[in-house]
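Each chain is listed here by its residues.
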Amino acid sequence: METRQGNVAVEMTVNGEPMVGIAEPRTLLSDFLRHGLGMTGTHVGCEQGVCGACTVLIDGQPARSCLTFAVQAEGCRVDTVEGMAEGGALSDVQEAFRAEHGLQCGFCTPGFLAATEALLAENPDPTDDEIRDYLSGNICRCTGYQGIIAAVRRAAQTRKAASA
Ligand code: FES
Ligand code: FES
């Protein structure tokens, strides 16, 4: 729906909730989530597709929200870090990152969590090399990555044990 100023109403399902916000056609999905919907869990680092901090899931696929216009996600299911913990309890992936020290400052973490969810949906039992390869588009300036690799491995094992 176009408004008088040329802005558009954008509807999407965010973390399972139908939401609508007003955006310019050029508004980035990252800005729409953060400023339009007040969901600041998605972080913005480089704003040019390099760091992966802004990664969210769009219809289950990892996407750089800084390279996606909000209008491109019209009608889609968008999942962000805000939807991961249930009832105040960390998700299995979040808990694995906590337990394995897969974060320090946490700036990169929402992107890593989203990418990890996508990886485990695609490949529930990844090798370390597969984890490294899949997460190679996400940059962390703090951890040296070892804790992150261990966290993904732990999350995969936890999920496997839960489904056995
Ligand atoms: S902020 Fe989107 S990739 Fe860095
Ligand atoms: S934990 Fe600080 S950038 Fe990754």
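Residues numbered from 1 in each chain as written. Chains lettered and ligands numbered in written order. Predicted model: local features only at pLDDT ≥ 70, side-chain atom pairs only at ≥ 80, totals over all residues.

Draft legend 1. Here's a closer look at the domain arrangement of the protein chain. For the protein chain, the assigned domains read domain 1 (8-83) and domain 2 (92-163). The gap between the C-alpha centroids of domain 1 and domain 2 is 21 Å. Between domain 1 and domain 2, the contact holds 15 residues from the first and 13 residues from the second. Going through the elements one at a time, strand S3 (55-58) and strand S4 (61-64) are the ones with two or more residues in the side of domain 1 that touches domain 2. (Domains from an automatic or database assignment. Contact = placed C-beta atoms within 7 Å. Helix = DSSP H or I, 4+ residues; strand = E, 2+ residues; numbered from the N terminus.)

Draft legend 2. Region of interest: the environment of alanine 156. Of note, alanine 156 is situated in helix H5 (residues 146-163). The exposure class assigned to alanine 156 is buried, which follows from the 22 C-beta atoms found within 10 Å. The spacing of alanine 156 and threonine 116 is 40 residues in sequence and 9.4 Å in space, taken between C-alpha atoms. Among all residues touching alanine 156, those that are not within four sequence positions of it are Leu120, Pro124, Asp125 and Pro126. (Buried ≥ 20, exposed ≤ 12 C-beta atoms within 10 Å, placed from the backbone.)

Draft legend 3. Looking closely at unusual backbone geometry. Backbone geometry at aspartate 59 places phi at a positive 50 degrees, although glycine is not the residue there. Its place among the elements puts aspartate 59 in the loop between S3 and S4. Residue classification places aspartate 59 among the exposed residues on the basis of 12 C-beta atoms within 10 Å. One non-glycine residue, histidine 101, lies in positive phi territory at about 55 degrees. For histidine 101, the position within the fold is in the loop between helix H2 (92-99) and helix H3 (109-122). Looking at histidine 101, the number of C-beta atoms within 10 Å reads 14, which means it is partly exposed.

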